[in-house]
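# Descriptive analysis of the structure
This is what each chain is made of:
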Amino acid sequence: MRLHLYFARKFAWTFSGLLFLFFLLQVLVDLIEQIRKLDSTNAGFADIVGLTLLSAPGGLNTILPLVMILATVALFIGLARSSELVVVRAAGRSGLKTLSAPVLVAILIGGLAVSTFNPIVSATSKRYQELFQRHVAGGDDVLSISSEGLWLRQGGPEGQTVIRATAANADASILYDLSFITYAPGGGPLRRIEAREAQLADGAWHMRDAKSWPLSGGLNPEAGAQTHSELDLPSSLTQDRIRDSFGRPDAISVWDLPQVIAQLEQAGFSPRRHAVWLQMELARPLFLVSMVLIGAAFTMRHQRGGGTGIAVLASLLIGFSLYFIRNFGQILGENGQIPVMLAAWAPPVASVLLGLGLVLSTEDG
């Protein structure tokens, strides 16, 4: 047990150190990128630094498998060079028993990444998008989905408009049974519009079967109401920005995803993208375990024979290949070409089996 705790502590410290180094590197690179993106806006340096720090957790969450396999490689190369691995193997301890402590640490890190780090990433990603759009577009565009339907808010120099739709088609290109309430920059309501359907195109809402009421002070809204077979309302929104507002599952906590999936189905949207992301997050600990097995399969050996560089390169190449296959499965699942569970769980399970096979082959020849 003491030896297990020693390996576990050593692996945890190695992982933490590499994660911190990647955090610093990512912050420096992303800071330059944010300066380039916001060069033409009125954002100050403090705003840019804040945006950089908000985007950092999402980047770390993406490269977590890479950090895991590098930590495994660093751990076993260090143990081999200090002859600790030689002593452990000479004492009759098998490779699988030696791997049990790093594997348990990887499972623990994966569980924390899903249960704790994922909500942090979703909150910071959502806040980053809000602040970035505010600096770039000069106004807030907010989307919310509830049991009452779809709620939107578009903003700009001319004021704010609150939009409510009871349903939409699958790709959010057409909204049905809409209500628009336009507010002046000072905060007072100016106009209300009800429409049977509306399509967003060419920088405007193109409405059909619409009726508008003036809401200015001193006017009778119903007396001044007008009906229109077609009516256009300028908008700063685009279809891509609407879909990104609710279509980015990484901006939603894994604890809230089941409810969001149910609300998307009720509103008429396809929840497949969110369902795939939810299952992939649940399978993340298993994929991190596979990275440990792959890294150990090539580096858990004596160093006198040489070939350490080739072994490290081979482990990294296989790790990147498995990561690519995992992302490719995600794309197939989001497009509906394979079932959700198959897209999310097949790559991690296959990766664990491959890593386990490589470890056993190294052990038994």
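Report follows, based on the coordinates. Remember, predicted model here, so these are calculated numbers, not experimental data.

### Regarding the overall build of the protein chain
Helix and strand content of the protein chain: eleven helices and seven strands. Across the protein chain, the fraction of contacts at a sequence separation of at least 24, relative to all contacts at a separation of at least 6, is 62%. Element-wise, carbon and sulfur atoms account for 62% of the exposed surface of the protein chain, whose accessible area totals about 18,200 Å².

### A closer look at unusual backbone geometry
Positive phi, close to 50°, is recorded for aspartate 177, a residue that is not glycine. For aspartate 209, which is not glycine, the phi dihedral falls at a positive 50°. Among the structural elements, aspartate 209 can be located in strand E6 (residues 204-214).

### Examining the packing of helix H8 (residues 272-282) against helix H10 (residues 308-334)
Running from amino to carboxyl end, H8 crosses H10 at an angle of 150°, the nearest separation of the two axes being 8 Å. As for how H8 packs across H10, the hand of that crossing is right-handed. Facing H8, whose interface residues are Arg272, Arg273, Val276, Trp277 and Met280, H10 presents Arg326, Gln330, Gly333 and Glu334. Residues belonging to the contact of H8 with H10 are distributed by class as follows: three nonpolar, two polar and four charged.

### Considering the environment of alanine 80
Position of alanine 80 relative to the elements: it lies in helix H3 (residues 64-81). On the basis of relative accessibility, which here comes to 11%, the residue alanine 80 falls in the buried class. Sequence separation between alanine 80 and threonine 299 is 219 residues; the distance between their C-alpha atoms is 8.5 Å.

### Describing the nonpolar core
Soluble, globular proteins show a tendency: their nonpolar side chains are buried together. Phe11, Phe15, Met68, Phe76, Leu99, Val292 and Leu293 are the most contacted members of the largest nonpolar core, which has 41 residues in total. For this core, the leading source of residues is H3, giving eleven residues. If we ignore the near neighbours within four places in the chain, the residues touching leucine 99 are Phe76, Val292, Leu293, Ala296, Met300 and Val359. In this structure, Ala168, Phe180, Leu200 and Leu237 belong to the second largest nonpolar core, which totals 18 residues.

### Remarks on the packing of aromatic side chains
Taken as a whole and assessed by the stated rule, the structure comprises four aromatic pairs. Ring plane angle 50° and centroid distance 5.8 Å describe the contact between tyrosine 6 and phenylalanine 7, whose orientation is recorded as tilted. Phenylalanine 7 gets classed as buried once you look at its relative accessible area, which sits at 3%. Here phenylalanine 180 and tryptophan 205 contribute two aromatic rings whose centre-to-centre distance is 5.9 Å and whose plane-to-plane angle is 65°, an arrangement assigned as edge-to-face. Within this pair, whereas phenylalanine 180 is found in strand E4 (residues 174-183), its partner tryptophan 205 is found in strand E6, the two being separated by 25 residues in sequence. Residue phenylalanine 180 shares its accessibility class with tryptophan 205, and that shared class is buried. One residue, arginine 192, lies across the ring of tryptophan 213, its end atom 5.2 Å from the ring centre. The cationic tip of arginine 326 hangs over the ring face of phenylalanine 287; the distance from NZ or CZ to the ring centre is 4.9 Å.

### With respect to the pattern of salt bridges
Tallied over the full model, the rule gives seven salt bridges. Across the pair glutamate 194 and arginine 192 runs a salt bridge whose closest N-O atoms are separated by 2.5 Å. Judged by its relative accessible area of 35%, arginine 192 is partly exposed. The shortest N-O distance in the salt bridge between arginine 196 and glutamate 197 comes to 3.4 Å. Salt bridges sharing partners connect three or more residues here, namely Arg196, Glu197, Arg208 and Asp209.

### Digging into the pairing of E4
The pairing of strand E3 (residues 159-168) with E4 spans eight bridges and is antiparallel. The residue bridging glutamine 160 from the neighbouring strand is tyrosine 183, located in E4.

### Points about H8
For H8, the buried fraction is high: eight of the eleven residues fall into the buried class. Here H8 has its buried residues at His274, Ala275, Val276, Trp277, Leu278, Gln279, Met280 and Glu281.

### Focus on the environment of valine 103
With respect to the helices and strands, the residue valine 103 is situated in helix H5 (residues 95-137). For the pair valine 103 and phenylalanine 11, spaced 92 residues apart in sequence, the C-alpha separation works out to 9.7 Å. Ignoring anything within four residues of it in the chain, the contact list for valine 103 reads Val289, Val292 and Leu293.

### A few points about helix H2 (residues 45-62)
Helix length check: H2, at 18 residues, gives a terminal C-alpha distance of 26 Å against a target of 26 Å (1.5 Å per residue), a fit within 8%. Taken as a whole, H2 carries its principal kink of about 30° at alanine 56; the proline proline 57 stands between one and four residues after it. Residues Ile48, Leu51, Thr52, Leu54, Ser55, Ala56, Pro57, Gly59, Leu60 and Asn61 constitute the buried set of H2.

### A look at the side chain of threonine 52
One can find threonine 52 in helix H2. Taking the relative accessible area as the measure of exposure, threonine 52 reaches 2% and is therefore buried. Among all residues touching threonine 52, those that are not within four sequence positions of it are Val27, Asp30, Leu31 and Gln34.

### Topic: the packing of helix H9 (residues 284-299) against H10
Running from amino to carboxyl end, H9 crosses H10 at an angle of 155°, the nearest separation of the two axes being 8 Å. In terms of orientation, H9 lies roughly antiparallel with respect to H10. In the crossing of H9 with H10, the sense of the turn from one axis to the other is right-handed. Contact residues: H9 offers Arg284, Phe287, Met291, Ile294, Gly295, Phe298 and Thr299, while H10 offers Ala311, Val312, Ala314, Ser315, Ile318, Gly319, Leu322, Tyr323 and Arg326. Residue classes in the contact of H9 with H10 are distributed as ten nonpolar, four polar and two charged.

Conventions used here
- Residues numbered from 1 in each chain as written.
- Predicted model: local features only at pLDDT ≥ 70, side-chain atom pairs only at ≥ 80, totals over all residues.
- Heavy atoms only, no water.
- Helix = DSSP H or I, 4+ residues; strand = E, 2+ residues; numbered from the N terminus.
- Contact = heavy atoms within 4.5 Å.
- Areas by Shrake-Rupley, 256 points an atom, 1.4 Å probe, with all protein chains shown as cover.
- Axes fitted to C-alpha atoms, helices over the stretch in contact; angles between N-to-C directions.
- Left-handed = near helix turned anticlockwise from the far one by under 90°.
- Nonpolar A, V, L, I, M, F, W, Y, C, P; charged D, E, K, R; others polar.
- Buried < 20%, exposed > 50% of the residue type's maximum accessible area, 1.4 Å probe, protein only.
- Core = buried A, V, L, I, M, F, W, Y, C linked by side-chain atoms within 4.5 Å.
- Phe/Tyr/Trp six-rings, centres within 6.5 Å; stacked < 30°, edge-to-face > 60°.
- Lys NZ or Arg CZ within 6 Å of the ring centre and 35° of its normal.
- Salt bridge = Lys/Arg side-chain N within 4 Å of Asp/Glu carboxyl O.
- Pairing = 2+ DSSP bridges.
- Expected span 1.5 Å × (residues − 1).
- Bend = angle between axes of the 7 residues up to and from the residue.
- Parallel < 35°, antiparallel > 145°, perpendicular 65-115°, else oblique.

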